[in-house]
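Topology and contacts: notes
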Amino acid sequence: MSSPEDGRRPIRRALVSVYDKNGLVELARALHAAGVELVSTGSTAATIAGAGVPVTAVETVTGFPEILDGRVKTLHPKIHGGLLADLRKDSHAAQLDEHGIVGIDLLVSNLYPFQATVASGAGVDECVEQIDIGGPAMVRAAAKNHASVAVVTDPAAYPMVLAALDYGGFSLAQRRALAARAFADIAEYDVAVANWCAVQLDPEGTEWPAFAGLGLRAQRALRYGENPHQQAALYLDPDAPAGLAQAEQLHGKEMSYNNYVDADAAWRAANDFVDQPAVAIIKHANPCGIAVGADVADAHRKAHACDPVSAYGGVIAVNRPVTVELAKQVAEIFTEVLVAPEFEAGAVEVLQAKKNLRLLRAPAWAPPPAEWRQVGGGVLVQTADRVDAPGDDPTAWRLVAGEPADDDLLRDLAFAWRAVRSVKSNAILLAADGATVGVGMGQVNRVDSAHLAVNRAGADRARGSVAASDAFFPFADGLKVLVDAGVRAVVQPGGSIRDDEVIAAATEAGVTMYLTGTRHFFH
Ligand SMILES: NC(=O)c1ncn([C@@H]2O[C@H](COP(=O)(O)O)[C@@H](O)[C@H]2O)c1NC=O
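Quick caveat: nothing in here was measured; it's all calculated off a predicted structure. (Residues numbered from 1 in each chain as written. Predicted model: local features only at pLDDT ≥ 70, side-chain atom pairs only at ≥ 80, totals over all residues. Heavy atoms only, no water.)

1. A short note on the overall build of the chain
The condition that has to hold: To qualify as a helix, a DSSP run of H or I must reach at least 4 residues; to qualify as a strand, a run of E must reach at least 2; elements of each kind are numbered from the N terminus. Our radius of gyration looks at C-alpha atoms and nothing else; its globule reference is 2.2 Å times the residue count to the power 0.38. The classification of residues rests on relative accessible area computed with a 1.4 Å probe and restricted to protein chains. Under 20% of the type maximum is buried, over 50% is exposed, and intermediate values are partly exposed. Residue contacts follow a heavy-atom distance rule, with two residues in contact if any of their heavy atoms lie within 4.5 Å.
Counting its regular elements, the chain contains 19 helices and 21 strands. On C-alpha atoms alone, the chain measures out to a radius of gyration of 31 Å, which is more than a quarter above the 24 Å that the 2.2 N^0.38 rule sets for 523 residues. Here the chain holds 523 residues, and 47% of them are scored as buried. Contacts spanning at least 24 positions in sequence make up 57% of the contacts within the chain whose residues lie at least 6 apart.

Given below as structure tokens:
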């Protein structure tokens, strides 16, 4: 029932102007049945009238025809006066009377589909035509004037309108919430238009647009952030290709902030391998095992064997559907998250026995066109690192020391080179038979990373393995650690002013060395 204390205002007159006609007829019927006068534009009015519901055409209100192919229909004082009059003020009510303007209590509007038109690959003129002008103007006006007007921008909110009719209108708190939502919708729309215009209409000079807006939508609050005393939430970026944030959780405890960070790193690492089944096991955003195999279960056994101690409590990503065999293996090991493109019949059932294991079905991998990183007072943006950068193709590598690698050795070097880009710099990665055997990550000098990789591998596995270094060896010392451990072949970008010393050390040791010319730092 209407209660003045909560600022409820009755709905007597509604303006309805929607591109998306879903739920429109049901809404119009309910409004009419509640005694609300309906005012509406072009095809919205036609749809309402077609359903037998009485409706007043906006032209009847404005006394002016819709012109310029619909570019001007609601842009008129008779409409905007009705939307913007603050009815708490006697002076505003008096001015409405003076000019023969009738107040509007409810605006229902959604906009021309600009984003969908751009996504369809339409030409510039068609996209420009889909920039809604009158809709946002009305929505902004009604949202600003939420003291007097309720605004609904989403058909999903129509049930809320029906409920409000039963309760004598929207409360002030509801109108405020609707206004906040409406301004967010308009802002998202404007960001999409501005981002597109910055590239399409003003590409002058720079490869980076003068404006880059993000229109993020809250997906949900997370239990906490990186640490329990930090608050955190997940937001979705409607303009980015779908990724881990859109993954469907099939089982397990709620995803945490750290789970998302690690699962994203794992998903990227596993998807760096396209031609073969691959598994990446990640802890604290670093791999403790990456492997390719005959099938995903084989790849997992090899990845897990790299560092079983660290794999405890890890996050696993697979680039192929999870088989029952793999599910049984994973069920034996304490694992936080398992991400895959799909789960074969029976696999989820096997893993459901593990109450806490989170199972994610992620959308097909798509690299983001750009990566963002916050720095104090700003944001760094870069194009994403690629696995097919120049120099990543082994046929383009330059042999600078030792004998040319045979097919098997070259295959291991190519695997190591692809895997090392998932390791935080400075990165040294030892591999054998399509699997990592020792990973040295995140050290502040390359010698320590080499020691770490060798120690993790142990003497037996290091001997005869191949090594990849994410960036050049600045001195021969890091390489010597690998040589002393019995590494057979090394792939690295080269480019140090002391390349000659490094190459000489490899030559002297009889170690094969290839230079890629491409670096894969990962911070
Ligand atoms: N120009 C105007 O005065 C105007 N007023 C409302 N619109 C939009 O026209 C659409 C509804 O038009 P119709 O009822 O003709 O299908 C809505 O998406 C609304 O946002 C307008 N169109 C675009 O700017």
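2. Focus: the domain arrangement of the chain
Under the convention used in this document: Throughout the structure description, domain borders are defined by an automatic or database domain assignment.
If you check the domain split of the chain, you get domain 1 (13-201), domain 2 (244-361) and domain 3 (394-515). For domain 1 and domain 2, the distance between their C-alpha centroids amounts to 47 Å.

3. What to know about helix H9 (residues 158-166)
To keep things clear, this is the line we draw: It is the directions from the helix axis to the C-beta atoms that the arc portrays.
By the burial criterion, the buried members of H9 are Tyr 158, Val 161 and Ala 164. All buried residues of H9 project into a common sector of 110 degrees when viewed along the axis, lining one side. Exposed and oriented more than 90 degrees from the buried face of H9 are Pro 159 and Asp 166. The inward-facing, buried residues of H9 abut strand E1 (13-18), helix H1 (24-33), strand E4 (106-110) and strand E5 (150-152). Among the residues trailing H9, Gly 168 stands out with phi positive, at a value near 80 degrees.

4. Thoughts on the packing of aromatic side chains
To keep things clear, this is the line we draw: Paired rings are identified among Phe, Tyr and Trp, the last through its six-membered ring, by centres lying within 6.5 Å, and are further divided according to the angle between planes into stacked (under 30 degrees), edge-to-face (over 60) and tilted (the rest). In this scheme, the term charge over a ring applies when either NZ of a lysine or CZ of an arginine sits within 6 Å of the ring centre and within 35 degrees of the ring normal.
Here the structure, examined in full by the defined rule, presents six aromatic pairs. Ring geometry for Trp 397 and Tyr 514: centres 5.8 Å apart, planes at 50 degrees, overall tilted. Placement of the pair is Trp 397 in the loop between strand E15 (378-383) and strand E16 (398-401) and Tyr 514 in strand E21 (residues 512-515), with a sequence separation of 117 residues. Comparing Trp 397 with Tyr 514 shows no difference in burial state: the two are buried. Cluster of aromatic residues (ring-pair linked, three or more members): Phe 114, Tyr 189 and Trp 196. Over the ring of Phe 522 we find Arg 268; its NZ or CZ atom is 4.2 Å from the centre of that ring. Above the ring of Phe 522, the side-chain terminus of Lys 424 is found at 4.2 Å from the ring centroid.

5. Examining the sheet that holds E1
Rule in force here: When DSSP finds at least two bridges between two strands, those strands are taken to pair. With axes taken as lines fitted to C-alpha atoms, and helix axes fitted only over the stretch in contact, angles between N-to-C directions fall between 0 and 180 degrees.
Here five strands make up an open sheet; going across it, the order is E3-E2-E1-E4-E5 and the pairing parallel. Both outer strands of the open sheet, strand E3 (56-57) and E5, are each paired with one neighbouring strand and no more. Across the sheet, H1 is in contact with E1, strand E2 (37-40) and E4; its angle to E1 comes to roughly 170 degrees.

6. Describing the environment of Val 39
As for its placement among the helices and strands, Val 39 is situated in strand E2. Taking the relative accessible area as the measure of exposure, Val 39 reaches 3% and is therefore buried. Spatially, the C-alpha atoms of Val 39 and Ala 57 are 5.8 Å apart, while their sequence positions differ by 18 residues. Once residues within four sequence positions are removed from consideration, Val 39 is found in contact with Arg 13, Ala 14, Leu 15, Val 16, Val 55, Thr 56, Val 58 and Val 61.

7. Some points on the packing of H1 against helix H2 (residues 42-50)
Stated precisely, the cut-off is as follows: Roughly parallel means an angle under 35 degrees; roughly antiparallel, over 145; roughly perpendicular, 65 to 115; everything else is oblique. Handedness of a crossing is defined here by the sense of rotation of the near helix relative to the far one, left-handed for an anticlockwise turn of less than a right angle and right-handed for a clockwise turn. Ten residues, namely Ala, Val, Leu, Ile, Met, Phe, Trp, Tyr, Cys and Pro, are considered nonpolar, four, namely Asp, Glu, Lys and Arg, are considered charged, and the remaining ones, Gly among them, are considered polar.
Across the interface, H1 lies against H2 with an axial gap of 9 Å and an inter-helix angle of 70 degrees. On the basis of their axis angle, the class for H1 and H2 is roughly perpendicular. Like other packed secondary-structure pairs, H1 and H2 cross with a definite hand, here right-handed. Of the residues in H2, those in contact with Leu 24, Val 25 and Ala 28 of H1 are Thr 44, Thr 47 and Ile 48. Of the residues in the contact of H1 with H2, the class split is four nonpolar, two polar and no charged.

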